[in-house]
Amino acid sequence: MKLYIINGPNLNMLGVREPDKYGSESYDALVKKISEHLTALGVDAVFYQSNHEGDLVDKIQEAYFEKADGIVINPGAYTHTSIALLDALLSVKIPTVEVHISKVEEREDFRQISYVRLAAAKTITGRGFQGYIDACDFLIGGKK
Ligand code: DQA
């Protein structure tokens, strides 16, 4: 089994950006946490972070050509703006979980729209880094 773990803009700044909302741990620490969890379960993972919308579209398409079994995606601010990411996910039809570190539903009005959500089997918010682990477990559970 192979999962793609995709993070969008500014998530490379974890630990630096607004620690009150996103915590004090780095992107590398996030990758380590997920990687250790998946390795223990014998699940392969591809990690990717980009600040560029088109690069994220390319990665979603790559997941299709590489026969990924699931996608965990935190599209960052593109969540609220990107029809291109939605269309990419609808194109590949790979089971997807949308993750947000913060509790977006309790934040600004402009964060209440999620285009990506229309293509996601599940959305997890406000659970910090654990949300990514829960997303992986959901996708792995669906495969069993
Ligand atoms: C986020 C929430 C988004 O609204 C924001 O733009 C982000 C991070 C989260 O993980 O809580 O960049 O996706």
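The structure under discussion appears in the preceding block.
Residues numbered from 1 in each chain as written. Predicted model: local features only at pLDDT ≥ 70, side-chain atom pairs only at ≥ 80, totals over all residues. Heavy atoms only, no water.

A. Highlighting unusual backbone geometry. Positioned with a positive phi, Asn10 is a non-glycine residue whose angle comes to about 75°. Tracing the sequence through the fold places Asn10 in the loop between β1 (2-7) and α1 (19-22). A positive phi is found at Lys93, a non-glycine position, where the angle reads about 50°. Looking at the element boundaries, Lys93 is found in the loop between α4 (83-92) and β4 (96-100). (Helix = DSSP H or I, 4+ residues; strand = E, 2+ residues; numbered from the N terminus.)

B. Local environment of the site of the ligand. Around the ligand sit Arg17, Tyr22, Asn74, Gly76, Ala77, His80, His100, Ile101, Ser102, Val104 and Arg111, and that is every residue in its neighbourhood. In this structure, His100 approaches the ligand through a side-chain N or O atom, which is 2.8 Å from an oxygen atom. Contact distances for the ligand include 2.8 Å between an oxygen atom and a side-chain N or O atom of Arg111. Taken by itself the ligand offers 330 Å² of open surface, and the protein chains cover 98% of this. Per-class residue counts for the shell around the ligand are 4 nonpolar, 5 polar and 2 charged. (Near = heavy atom within 4 Å. Polar contact = N/O pair within 3.5 Å; in protein donor to acceptor, adjacent residues only side chain to side chain. Areas by Shrake-Rupley, 256 points an atom, 1.4 Å probe, with all protein chains shown as cover. Nonpolar A, V, L, I, M, F, W, Y, C, P; charged D, E, K, R; others polar.)

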